[in-house]
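Listed below are the residues making up each chain.
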Amino acid sequence: MILASRVAFGFVLALAWVSATLGALSSPSLAGPLTKNCTQGWKHSGTATGKNVTIAGVSTYLAEPTHRSGTKKVILFYSDVFGSFFINNQLLQDYFASQGYYVLGLDYFFGDPIGLHVDQDLIPFDPNFDLPAWLAKSRRQAAEAVPGWNEGVRKRYGKNAKYTAVGYCFGALYSMQIGATDDVVAAAFAHPGDLTEAHFANLTKPLLMSCAEIDQTFPTPSRNRAVDVLTENNKTYHYQVFSGTQHGFATRSNPADPNSVWAMRESARSVAGWFDRFSN
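Conventions we followed
- Residues numbered from 1 in each chain as written.
- Predicted model: local features only at pLDDT ≥ 70, side-chain atom pairs only at ≥ 80, totals over all residues.
- Heavy atoms only, no water.
- Helix = DSSP H or I, 4+ residues; strand = E, 2+ residues; numbered from the N terminus.
- Rg over C-alpha atoms; globule rule 2.2 N^0.38 Å.
- Buried < 20%, exposed > 50% of the residue type's maximum accessible area, 1.4 Å probe, protein only.
- Contact = heavy atoms within 4.5 Å.
- Lys, Arg positive; Asp, Glu negative; His and termini not counted.
- Charge placed at Lys NZ, Arg CZ, Asp CG, Glu CD.
- pLDDT = per-residue confidence, 0-100.
- Axes fitted to C-alpha atoms, helices over the stretch in contact; angles between N-to-C directions.
- Parallel < 35°, antiparallel > 145°, perpendicular 65-115°, else oblique.
- Left-handed = near helix turned anticlockwise from the far one by under 90°.
- Nonpolar A, V, L, I, M, F, W, Y, C, P; charged D, E, K, R; others polar.

### Section: the overall build of the protein chain
Of regular secondary structure, the protein chain possesses 7 helices and 10 strands. Against the compact-globule benchmark of 19 Å for 280 residues, the protein chain has a radius of gyration of 18 Å, which places it among compact chains. Counting only C-alpha atoms, the protein chain reaches 55 × 45 × 45 Å along its principal axes. For the protein chain, with 280 residues in total, the buried portion stands at 53%. For the protein chain, the proportion of contacts with a sequence separation of at least 24, taken over those separated by at least 6, is 71%. Of note, the protein chain has its 23 positive side-chain charges centred 10 Å away from the centre of its 22 negative side-chain charges.

### Section: the confidence of the model for the protein chain
Overall, the predicted model of the protein chain reaches an average pLDDT of 92, with 91% of residues at or above 70. Here residues 1-20 is a poorly scored stretch, pLDDT under 50, and it has 10 contacts once near neighbours within four places are set aside; other chains count.

### As for the packing of helix α2 (residues 87-98) against helix α7 (residues 258-279)
Each pair of packed helices can be described by the angle between their axes along with the distance between the axes. Two elements in contact, α2 and α7, have axes whose closest approach is 10 Å; the angle formed by their N-to-C orientations is 40 degrees. On the basis of their axis angle, the class for α2 and α7 is oblique. In the crossing of α2 with α7, the sense of the turn from one axis to the other is right-handed. Only Ala268, Arg269, Val271 and Ala272 of α7 make contact with α2, whose side of the interface consists of Leu92, Tyr95 and Phe96. Residues of the contact of α2 with α7, tallied by class, amount to 6 nonpolar, no polar and 1 charged.

Structure, rendered in structure tokens:
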């Protein structure tokens, strides 16, 4: 009986997310689909300090705070197409943990991130690789996994914790979806993809937008329209644009470019500060 109730509850969660997704799809597009901007950038070096745990049947990168005081604070980390276990994303999650957060990034690619298949210019290593099929599969997997995983994280850390969500590129969709619920106190994204006007209109929680100056996926007219939608609907938001940066700067900055490195670090600092504002 208990198992049946859990299955039914999981089905309701998934159905709600599908319904919201279908509604958003009928709205004008603001952030576009995957392009080579989403795979270009630099791989960083360092030693990740988190660990691999399983939540709701999904492998999850977990970075725990080095210090904690007061309310337990949790960040739901929705990664770009390289996945939550890519070293750049691990180091970013470790940074958020150093700021006092439990950080959890699910592997909605289930061990099959884009980096296994294409180079920086989206050119397949295997000429038979079907990129549209991979993307459709990945979106489908994520749509099925994310609702139950979100609930699993909440069960792990309890109802009294303060939950926030950040999404990068592919993952921005999920931070916007959960930002339209009462499951988080604030949301954020950097260089997003696959967003419509409805995602901004439907928000109920404060949003930080960390954006690149040059971004074919989320260009200036789209960013301006997003701000208009947020303003028209009286949303709480903060909008930042980093000059001299391109899509991907917040996770794959050029280590040899001081501006690129500063922008990546400042974006991360801004996300942590934004979440502090609503979590403390």
